[in-house]
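Here is how the chains run, residue by residue.
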Number of protein chains: 2
Amino acid sequence: MAEFDPATLTYNEAGLIPAIAQDHANGEVLMMAWMNAESIARTLDGGIVTYWSRSRQSFWRKGDTSGHVQRLVEFRIDCDRDCLLLIVDQTGAACHTHRRSCFYTLVEDGAERITADPID
Amino acid sequence: MAEFDPATLTYNEAGLIPAIAQDHANGEVLMMAWMNAESIARTLDGGIVTYWSRSRQSFWRKGDTSGHVQRLVEFRIDCDRDCLLLIVDQTGAACHTHRRSCFYTLVEDGAERITADPID
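The name recorded for chain A in an unreviewed UniProt entry is Phosphoribosyl-AMP cyclohydrolase, from Oceanomicrobium pacificus. In the Subunit (unreviewed entry) part of its UniProt record, chain A is described as follows: "Homodimer." Taken directly from UniProt, the Function (unreviewed entry) text for chain A runs: "Catalyzes the hydrolysis of the adenine ring of phosphoribosyl-AMP."

In structure tokens, the structure reads:
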């Protein structure tokens with residue numbers, strides 16, 4: 001087994017890598033956000049998913065203000081080492097609209113339709 | 001229902017938006033790639049997932065050379081309209097390494113471990 005070093009991943013010009021969060025219980029894709037090398041290290045160290053907020057330019061340990069914590073279950077890397085898949089134990093809503101998943105808008109027959117309601 | 005217009009999505013400075021492909025049969029996250037507005041239109045029009053290849057700077061209708069076609073089952077947009085979730089019917093391997101999913105590398109106890117073999 002090769003030791004894992006976050007520096008060996010491929011980041012974009014802003015030093016970020018996309019991270020997909022998937023519900024470990026039912027496989028639902030919950031959200032996509034961004035990480036830098038330090039947020040990856042914090043996530044692996046503490047087991048609480050910590051993103052990098054591009055809008056606030058700061059670490060974003062999910063749930064610190066909302067209570068909607070993501071506990072890390074599995075941490076996966078893709079073949080090109082430029083995308084992450086986080087299998088998580090999600091408390092409550094992953095989405096800031098208080099829906100379980102951010103992907104609640106379906107495009108169907110050329111129109112948009114909302115397929116989920118806020119849960120809390 | 002609002003009519004869907006790809007121009008209303010949020011693209012990065014290169015005109016691209018990340019698209020996550022998820023297996024409709026078992027919920028497995030298969031890959032993440034990029035789309036531009038025209039590749040979205042082609043995907044919705046023909047029902048065959050068409051990405052934009054950043055390395056080749058060209059449209060990439062998945063399966064044209066490999067046979068590993070992705071038929072579109074559902075097209076979803078996230079809350080910020082800057083990420084897509086494609087539920088797909090995947091023929092064979094989604095990954096260029098001939099694994100079903102690109103996310104075959106697990107980080108566990110500080111080390112990397114390959115968790116899937118090529119399937120064809």
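Trainee: Describe the relation of the copies chain B and chain A, with residues and values.
Mentor: Superposing chain B onto chain A takes a rotation of 180° combined with a translation of 0.0 Å along the rotation axis, leaving an RMSD of 0.0 Å. Considering both components of the superposition, the chain copies are consistent with a two-fold axis. Relative to the rotation axis, the C-alpha of G27 of chain B is the closest in chain B, positioned 2.8 Å from it. The overlap is high: 100% of the interface residues of chain B also sit at the interface in chain A, so the same surface is used on both sides.

Trainee: Lay out helix α1 (residues 37-46) of chain B in plain terms, naming residues and giving numbers.
Mentor: Structural remark: α-helix, 3.6 residues per turn; residues separated by three or four positions point the same way. Residues and elements named next belong to chain B. Within α1, the full set of buried residues consists of S39, I40 and T43. The buried residues of α1 occupy an angular sector of 105° when projected down its axis, which confines them to one face. Exposed residues on α1 whose side chains face more than 90 degrees from its buried face are D45 and G46. Each element contacted by the buried residues of α1 is listed here: β2 (17-23), β3 (29-35), β4 (50-53), β5 (58-61), β6 (70-77) and β7 (84-90).

Trainee: If you had to explain the sheet that holds strand β7 (residues 84-90) of chain A to someone new, which residues and values would you point to?
Mentor: Overall, mixed pairing links the seven strands, which are arranged β1(A)-β9(B)-β8(B)-β6(A)-β7(A)-β2(A)-β3(A) in an open sheet. Each having just a single partner strand, β1 (2-3) and β3 (29-35) of chain A make up the two edges of the open sheet. Two elements, strand β2 (residues 17-23) of chain A and β3 of chain A, share six bridges in a ladder whose sense is antiparallel. In the sheet register, P18 of chain A faces β3 of chain A, and the bridge partner there is W34 of chain A. Sheet strands touched by helix α1 (residues 37-46) of chain A: β2, β3, β6 (70-77) and β7 of chain A together with β8 (105-108) of chain B. Its angle to β6 of chain A, the strand with the most contacts, is close to 120°.

Thresholds applied
Residues numbered from 1 in each chain as written. Chains lettered and ligands numbered in written order. Predicted model: local features only at pLDDT ≥ 70, side-chain atom pairs only at ≥ 80, totals over all residues. Heavy atoms only, no water. UniProt positions renumbered as here; feature names shortened; annotations may be inferred. Least-squares fit on C-alpha atoms with pLDDT ≥ 70 in both. Contact = heavy atoms within 4.5 Å. Buried < 20%, exposed > 50% of the residue type's maximum accessible area, 1.4 Å probe, protein only. Helix = DSSP H or I, 4+ residues; strand = E, 2+ residues; numbered from the N terminus. Arc of directions from axis to C-beta. Pairing = 2+ DSSP bridges. Axes fitted to C-alpha atoms, helices over the stretch in contact; angles between N-to-C directions.

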